[in-house]
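Structural characterization, general
Below, each chain spelled out in residue letters.
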Amino acid sequence: QVQPVESGGGSVQAGGSLRLSCTIHRYRFRVGYVAWFRQTPGKEREGVAGRSSLTSRTLYADSVKGRFTISQDNTENTVYLEMNGLKPEDTAVYYCAATPPGRYYVDSLNPANFNSWGPGTQVTVSS
């Protein structure tokens, strides 16, 4: 079973940058697809970016295209989310999620496609 753990959240001013890290612990099989989600109080969890560990193909929400980049370091079992040009509306708790082992493709960043979730890390962007 995979167990994602996020780190790197914090507070920045609008226009600033942060890099989130997601380390996948205790996995015996290759992680299939890893994605970042975010959620604010009273709203549904929103898919932000995702990446297949097999094909390296990525998906991004329209709201973050051109500003956020997802990447993966297989030797460190770590997935990164580089966030540039941050806006106050990016403020949220960010979660890392992984599909079951062997699943390398998802058709959308729907939370139902993922079965392993990290505890989340807070990102706050002030204006």
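Look up a bit, the structure's there.
The following paragraphs examine the structure supplied in this document. (Residues numbered from 1 in each chain as written. Predicted model: local features only at pLDDT ≥ 70, side-chain atom pairs only at ≥ 80, totals over all residues. Heavy atoms only, no water.)

**Some words on the state of the cysteines**
- Summed over the entire model, instances satisfying the criterion amount to one disulfide.
- Through a disulfide, Cys22 is tied to Cys96; the S-S separation comes to 2.0 Å. Linking Cys22 and Cys96, the disulfide has an S-S dihedral of approximately -75° and is accordingly described as left-handed. Note that Cys22 is positioned in strand β3 (residues 18-25) and Cys96 in strand β9 (residues 92-98), a separation of 74 residues in sequence. The exposure classification of Cys22 matches that of Cys96, with both residues buried. (Disulfide = S-S within 2.5 Å. Helix = DSSP H or I, 4+ residues; strand = E, 2+ residues; numbered from the N terminus. Buried < 20%, exposed > 50% of the residue type's maximum accessible area, 1.4 Å probe, protein only.)

**Points about the pattern of salt bridges**
- The tally for this structure, following the rule as stated, stands at four salt bridges.
- As a salt-bridge pair, Glu46 and Arg38 come within 2.8 Å of each other at their nearest N and O atoms.
- We classify Arg38 as buried; its relative accessible area is 6%.
- Counted as one network, the salt bridges with shared partners bring together Arg38, Glu46, Arg67 and Asp90. (Salt bridge = Lys/Arg side-chain N within 4 Å of Asp/Glu carboxyl O.)

**Some remarks on the side chain of Asp90**
- The topology assignment puts Asp90 in the loop between β8 (78-83) and β9.
- Classification of Asp90 by relative accessible area gives buried; the value is 1%.
- A polar atom in the side chain of Asp90 sits 2.9 Å from the side chain of Arg38.
- Asp90 has contacts with Arg38, Arg67, Phe68, Gly85, Val123 and Val125, leaving out every residue within four places of it along the chain. (Polar contact = N/O pair within 3.5 Å; in protein donor to acceptor, adjacent residues only side chain to side chain. Contact = heavy atoms within 4.5 Å.)

**Observations regarding the pairing of strand β1 (residues 3-7)**
- Residues Pro4 and Glu6 line the buried face of β1, whereas the alternating positions Gln3, Val5 and Ser7 sit on a face that is not buried.
- Sheet analysis places β1 next to β3, joined by five bridges and oriented antiparallel. Counterpart to Pro4 in the pairing with β3 is Ile24. (Pairing = 2+ DSSP bridges.)

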